[in-house]
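Working through the structure, step by step
Okay, here's what each chain looks like letter by letter:
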Amino acid sequence: MVKKDNVILIGMPGAGKSTLGIVAAKIIGYDFLDADLLIQKQSDKTLQKIIDAMGPDGFIQVENEVLCGIDVHRTVVSPGGSAVYSEDAMKHLSEIGTIVYLKVSLDELMGRLGGLHERGVVMKDGMGGLADIYEERIPLYEKYAEVTIDMDGTTVREAAAKLVDTLSMRGAI
Ligand SMILES: Nc1ncnc2c1ncn2[C@@H]1O[C@H](COP(=O)(O)OP(=O)(O)O)[C@@H](O)[C@H]1O
Ligand SMILES: O=C(O)C1=C[C@@H](OP(=O)(O)O)[C@@H](O)[C@H](O)C1
Ligand SMILES: [Mg+2]
């Protein structure tokens, strides 16, 4: 059986997967892997270029393949928020690590992101903005979450401490 010795952070864009991933990895002495950077490296293109060239479905396919190939140990992995669209990838990630959902309300995300203009986000046809993405994805994050942590109203430092405490209490690290 594969050793489930990683921590996988899922959640909406702006939930803090990348920011908290590296902070938490330092606290617990794990490595850190931002899967978005791995996609860019393996494709030799920026995320935005992949989305522009291949569309949302094409990007999801590339993301799925890259996530399925992740082979790490004692690593905090931060995939992009769209990872939950890929069933194979989520199956693989849940086999190699504990899936932690960073739960952040729509209001708080709006405050953090100020809209989506500066972020490449997978927006399917017919979607108008963050609220539509939020509504579509929440059931997916909830479906894959082994651990859910409510991060509303926290600073980065508090959120990192909450993440590490929760993982430690659950014996996941
Ligand atoms: N409690 C918090 N936890 C994580 N990030 C926070 C928090 N409060 C504010 N932020 C800010 O929100 C943004 C989160 O972005 P990022 O880590 O890239 O998220 P993701 O990788 O989930 O899209 C950062 O600009 C970060 O400084
Ligand atoms: O949720 C999304 O649709 C996406 C989120 C991004 O990552 P973050 O969740 O780290 O912002 C990145 O993977 C890509 O631009 C698509
Ligand atoms: Mg990120």
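A brief report on the enclosed structure follows.

Reading the values: rules and limits
Residue positions are given per chain, counted from 1 along the sequence in the order it is written. Chains and ligands are labelled sequentially in the order written, the chains with letters from A and the ligands with numbers from 1. In keeping with the predicted nature of the model, local features appear solely for residues at pLDDT of at least 70, side-chain atom pairs appear and are counted solely at 80 or more, and the whole-chain, interface and lining totals rest on all residues. No hydrogens and no water enter the side-chain calculation; it runs on all heavy atoms of the structure. Here a residue counts as near a molecule or strand whenever at least one of its heavy atoms sits within 4 Å of it. What qualifies as a polar contact is a pair of N or O atoms within 3.5 Å, subject to a donor-acceptor requirement within protein and to the restriction that residues adjacent in sequence count only when both atoms come from side chains. All accessible-area figures derive from a Shrake-Rupley calculation using a 1.4 Å probe, and residue coverage is judged against the displayed protein chains alone. Secondary structure counts use DSSP, requiring at least four H or I residues in a row for a helix and at least two E residues in a row for a strand, with both numbered from the N terminus. Under the convention adopted here, Pro, Cys and the residues Ala, Val, Leu, Ile, Met, Phe, Trp and Tyr are nonpolar, Asp, Glu, Lys and Arg are charged, and Gly plus all remaining residues are polar. Working definition of a nonpolar core: buried Ala, Val, Leu, Ile, Met, Phe, Trp, Tyr and Cys residues. They are joined through side-chain atoms within 4.5 Å. Think of it in three bands: with a 1.4 Å probe and only protein chains considered, a residue is buried below 20% of the maximum accessible area for its type, exposed above 50%, and partly exposed in between. Any two residues having at least one pair of non-hydrogen atoms within 4.5 Å are treated as being in contact. Think of a 1 Å grid over just the protein atoms. A cavity is a set of points where a 1.4 Å probe fits yet cannot get out, a pocket is an open set with protein on both sides within 12 Å along at least five of seven lines, and lining residues have an atom within 4 Å of a point. Grid points are joined across faces, edges and corners, and a volume is the space filled by probe spheres set on the points.

**As for the site of ligand 2**
Neighbouring residues of ligand 2: 15 residues in total, closest Asp36, Gly81, Gly120, Val122 and Arg137. Within the backbone of Gly81, an N or O atom sits 2.8 Å from an oxygen atom of ligand 2. Arg137 is positioned with one of its side-chain polar atoms (N or O) 2.7 Å from an oxygen atom of ligand 2. Burial of ligand 2 by the protein amounts to 94% of the accessible area it has alone, namely 380 Å². For the shell around ligand 2, the elements supplying multiple residues, two or more each, are helix H1 (17–28) and helix H3 (47–68). Element by element, the count of residues in the shell around ligand 2 is highest for H3, at 3 residues. Class assignment of the residues belonging to the shell around ligand 2 gives a composition of 6 nonpolar, 5 polar and 4 charged.

**A short note on the nonpolar core**
Among the nonpolar cores identified, the biggest contains 58 residues, and Ile10, Met90, Val100, Met151 and Leu163 are the most heavily contacted of them. In terms of residues, this core owes the most to one element, H3, which gives 8 residues. Apart from residues lying up to four places away in sequence, Met90 is in contact with Ile10, Ala83, Val84, Ile99 and Tyr144.

**Remarks on the side chain of Thr154**
Assignment of secondary structure puts Thr154 in the loop between strand S5 (147–150) and helix H7 (156–169). A polar side-chain atom of Thr154 sits 2.7 Å from the main-chain carbonyl oxygen of Met151. Apart from the residues lying within four places of it in its own chain, the contact partners of Thr154 are Glu108 and Ala159.

**Looking at the layout of surface pockets**
One number sums up the size of the largest pocket: a volume of about 430 Å³. Broken down by secondary-structure element, the contributors of at least two residues to the lining of the largest pocket are H1 and H3.

**Describing the site of ligand 1**
Close to ligand 1 lie 15 residues, the nearest being Gly14, Gly16, Lys17, Thr19 and Thr154. Ser18 is positioned such that a nitrogen or oxygen atom in its backbone is 2.9 Å from an oxygen atom of ligand 1. Measuring from a nitrogen atom of ligand 1, one finds a backbone N or O atom of Thr155 at 3.3 Å. A total of 570 Å² of accessible area belongs to ligand 1 in isolation, and the protein chains cover 75% of it. The dominant element in the shell around ligand 1, judged by the number of residues it contributes, is H1, at 4 residues.

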